[in-house]
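Architecture at a glance
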Amino acid sequence: MDITRYTTQLKQFRQELYQNFTNRADTLLELVDAICSNPLATSVVELSQTACFRRTYSNLFKAIAEWPPPKLLLPQLLRPYLPQPKQRPFWLLLVDVTTQPRPDGRTVEDRGLVYQPTVIKGNKPVTIGHQYSTVVLGLETEMSVSPSWVLPLLTERVPTSQDKEMVGSRQIDALLDDPQLPFGQELCVEAVDSSYSKPTYLHAHRRHANLVTIARAKNNRTIYRQFQPESEVDPAAGHPTWYGEPFKLSDPATHPAPDESLTRWETSRRGKPYRIEIRTWHNMLMRGHHDIPMHQQPFTLVCITRYNEDGSPAFKRPLWLIVMGQRREELSLEDIYLAYQARFDIEHFFRFAKQKLLLTDFQTPEVEREETWWHLTHLAFAQLWLARPLTVALPRPWERNLPAMKQQLISPTLVQRDFARIIRQLGTPAQPPKPRNIAAGRAVGVKLPKRTRQPVVVKRKSRPVAA
């Protein structure tokens, strides 16, 4: 491994990041380093006690308040270091939404009812807060590196007045429309969950000739085959027929013979073998709206069924995928299966960022500062990814016998544990603080007005509900 090359890359990334911090650059760079090197912090203010953060805790919050992050800062910084796909014939983009719970932030604007899983059976998985849409780059497996790595590119808060899927659509458009990024010039695949399989989202991306969308379809949907007339149709006979026989995903009686099939075997981490049956039907259609002509967008329908060693289904229902795009035929069945399987890596990123990078722990009444914090944590994770080749695995005594430790797989957790050593050896372009006299502070007798309590936005009702 060429350690010199990776060291140079990390130094160059840090220098470019430092130059893009327009306000309080020294504080912001040290804050990003503190996020990367302090896995034990339980609150944002505790990051000010990290060795690499040489300023007071008040400067931490002032820096967050005074820096407006550019929209495409992270993909532009990572552009020289994007790993060219070798195992896949395409770039893989993963899009999903996660929650920022703010149930007690009664003066925070634009809070709504958002999803939050609960461990208590029977409780509604709902809380009050914000949603953030994130786009990450799916990475290929590397030698001695954990397969759960992704590379964050964009994050954006979803306003309550907008559709979360369409916010993700605009993020994908921004990446593909940028001529300096490779996603718009080469074959690109996006893997999304079932909420993104609606016509408005699928139709919005069809202007990109190099983009193929792989979206999960719910088991209760009805798809249609293309209408095949038995004889030549008279153009003056009326409205043309677009949709043929219905294809109900939950009714096997409506499923004709597949156009293509594939069988593959897999072994789980515990050594349990599985048989994977993949079946496809080409040129399928879904119904759209008067302004969304989905009859012009045929797609490939894929059914994936996992069987146990004895031939019984491993899950109650099969997995249905919609593959849409002009270049969808360039993807093999194995490419489609592995691309969607890699979609779950974004969940590992959300989990690590919330547990170790304090992604959802910044409490502020200002929405703009909350959004800035999300950008900073994504920058910190990207810096951890660039530092992975320089990391020395430091397992805890009770972790030495874990399979990942025996294989010496470098995970984000191991990089964060060793990042303090890496940063001491590399140094930092941030300048040390210059102590000044004590500020005069607020004038005597000045009283700040109380913040206005903001209503909780409920989309199902015509008017907001008071918090």
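About the thresholds
Sequence positions are assigned chain by chain, starting from 1 and proceeding in written order. Side-chain atom pairs in this predicted model are given and counted only at pLDDT of 80 or more, local residue features only at pLDDT of at least 70, and totals for whole chains, interfaces and linings cover all residues. Processing note: side-chain calculations cover all non-hydrogen atoms of the structure and skip hydrogens and water entirely. At least two bridges found by DSSP between two strands is the condition for calling them paired. Helix and strand labels come from DSSP, where a helix needs a run of H or I of at least four residues and a strand needs a run of E of at least two; each type is numbered from the N terminus. Residue exposure (1.4 Å probe, protein chains only): buried if accessible area is under 20% of the type maximum, exposed if over 50%, otherwise partly exposed. Counted as a polar contact is a pair of N or O atoms within 3.5 Å, where, for protein atoms, one must be capable of donating a hydrogen and the other of accepting one, and residues adjacent in sequence contribute only when both atoms are in side chains. We call two residues in contact whenever any of their non-hydrogen atoms come within 4.5 Å of each other. Interaxial angle, 0 to 180 degrees, is taken between N-to-C directions of lines fitted to C-alpha atoms, where a helix line uses only the stretch in contact. Reported orientations rely on four angle classes, namely roughly parallel under 35 degrees, roughly antiparallel over 145, roughly perpendicular from 65 to 115, and oblique for the rest. By convention the crossing between two helices is left-handed if the near helix lies anticlockwise of the far one by an angle smaller than a right angle, and right-handed if it lies clockwise. Classification convention: Asp, Glu, Lys, Arg as charged; Ala, Val, Leu, Ile, Met, Phe, Trp, Tyr, Cys, Pro as nonpolar; all other residues, Gly among them, as polar. pLDDT measures how confident the predictor is about each residue, on a scale from 0 to 100. Expected span of a helix, by definition, is 1.5 Å for each gap between consecutive residues, and there is one gap fewer than residues. Centres within 6.5 Å are what make two rings of Phe, Tyr or Trp a pair, Trp counting through its six-membered ring; a difference in plane orientation under 30 degrees is then read as stacked, over 60 as edge-to-face, and the rest as tilted. For a ring to carry a charge above it, either NZ of a lysine or CZ of an arginine must fall within 6 Å of the ring centroid while also lying within 35 degrees of the normal to the ring plane.

**A look at the pairing of strand 10 (residues 273-285)**
In terms of strand pairing, strand 7 (residues 222-226) meets strand 10 through 2 bridges, oriented antiparallel. Paired with Arg 225 across the bridge in strand 10 is Met 284. Pairing of strand 9 (residues 260-267) with strand 10 involves 8 bridges; the strand directions are antiparallel. Counted as the bridge partner of Thr 263 is Glu 277 from strand 10. Bridge count between strand 10 and strand 11 (residues 299-307): 8 bridges; the pairing is antiparallel. Within strand 11, the position partnered with Thr 280 by the bridge is Val 302.

**Description of the side chain of Gln 100**
Of note, Gln 100 is situated in strand 1 (residues 91-101). Take Gln 100: its relative accessible area is 0%, and that puts it in the buried class. In this structure the side chain of Gln 100 is engaged in a polar contact, spanning 2.9 Å, whose partner is the side chain of Trp 374. When neighbours within four sequence positions are excluded, Gln 100 is seen to be in contact with Gly 129, His 130, Tyr 132, Leu 359, Thr 360, Gln 363, Glu 370 and Trp 374.

**A short note on the environment of Met 286**
If you trace the backbone, Met 286 turns up in the loop between strand 10 and strand 11. Looking at Met 286, the relative accessible area reads 1%, which means it is buried. For the pair Met 286 and Phe 299, spaced 13 residues apart in the sequence, the C-alpha separation amounts to 8.8 Å. Residues contacting Met 286, with those up to four places away along its chain left out, are Ser 197, Pro 199, Leu 202, Arg 221, Tyr 243, Met 294, His 295, Phe 299 and Ile 322.

**A short note on the pairing of strand 12 (residues 319-324)**
Regular strands show a simple pattern: their side chains alternate between the two faces of the sheet. Within strand 12, 6 of the 6 residues are buried, which leaves it mostly tucked inside the rest of the structure. Alternating residues of strand 12 divide into Leu 319, Leu 321 and Val 323 and Trp 320, Ile 322 and Met 324, and every residue in both groups is buried. Note: strand 6 (residues 211-217) against strand 12, 5 bridges, orientation antiparallel. Directly across from Arg 216, in strand 12, lies its bridge partner Leu 321.

**Focus on the packing of helix 1 (residues 3-20) against helix 9 (residues 367-386)**
Between helix 1 and helix 9, whose axes approach to 10 Å, the crossing angle comes to 160 degrees. By the angle class used here, helix 1 and helix 9 are roughly antiparallel. Between helix 1 and helix 9 lies a crossing of right-handed hand. Between helix 1, through Leu 10, Phe 13, Arg 14 and Leu 17, and helix 9, the contact on the second element is made entirely by Leu 379, Ala 382, Gln 383 and Leu 386. Residues belonging to the contact of helix 1 with helix 9 are distributed by class as follows: 6 nonpolar, 1 polar and 1 charged.

**Description of unusual backbone geometry**
Positive phi outside glycine occurs at Arg 24, with the angle close to 50 degrees. Along the polypeptide, Arg 24 turns up in the loop between helix 1 and helix 2 (25-37). Judged by relative accessible area, which is 31%, Arg 24 ranks as partly exposed. Not every positive phi belongs to a glycine, and Ser 144 is a case in point at roughly 65 degrees. By the element assignment, Ser 144 lies in the loop between strand 3 (126-138) and strand 4 (150-158). Using a relative accessible area of 34% as the deciding quantity, one classes Ser 144 as partly exposed.

**Quick notes on the confidence of the model for the protein**
With 96% of its residues at a pLDDT of at least 70, the protein reaches an overall mean of 92. Confidence drops under pLDDT 50 across residues 462-467; counting only partners more than four residues distant or on other chains, this segment forms 11 contacts.

**Here's the deal with helix 8 (residues 345-356)**
An ideal rise of 1.5 Å per residue puts 16 Å on 12 residues; helix 8 measures up with 16 Å between its terminal C-alpha atoms. All of the buried residues in helix 8 are Asp 345, Ile 346, Phe 349, Phe 350, Phe 352 and Ala 353. Looking at the packing, one finds that the buried side of helix 8 touches strand 1, strand 3, strand 4, helix 9 and helix 11 (412-426).

**Digging into the packing of aromatic side chains**
All told, the structure shown has 16 aromatic pairs when counted by the stated rule. Where Phe 247 meets Trp 281, the ring centres are 5.1 Å apart and the plane angle is 65 degrees; that geometry is what we call edge-to-face. Taken together, the residues Phe 247 in strand 8 (residues 243-248) and Trp 281 in strand 10 connect sequence positions 34 residues apart. Residue class for Phe 247 comes out buried when judged on its relative accessible area of 0%. We classify Trp 281 as buried; its relative accessible area is 0%. Relative to Trp 320, the ring of Phe 247 has its centre 5.9 Å away and its plane inclined at 80 degrees; by these criteria the two rings are edge-to-face. Placement of the pair is Phe 247 in strand 8 and Trp 320 in strand 12, with a sequence separation of 73 residues. Members of the aromatic cluster, joined through ring pairs, are Trp 149, Phe 349, Phe 350, Phe 352 and Phe 381. Across the ring face of Tyr 307, the terminal group of Arg 275 is positioned such that the distance to the ring centre comes to 4.4 Å. The ring of Phe 344 carries Arg 343 above its face, with NZ or CZ at 4.9 Å from the centroid.

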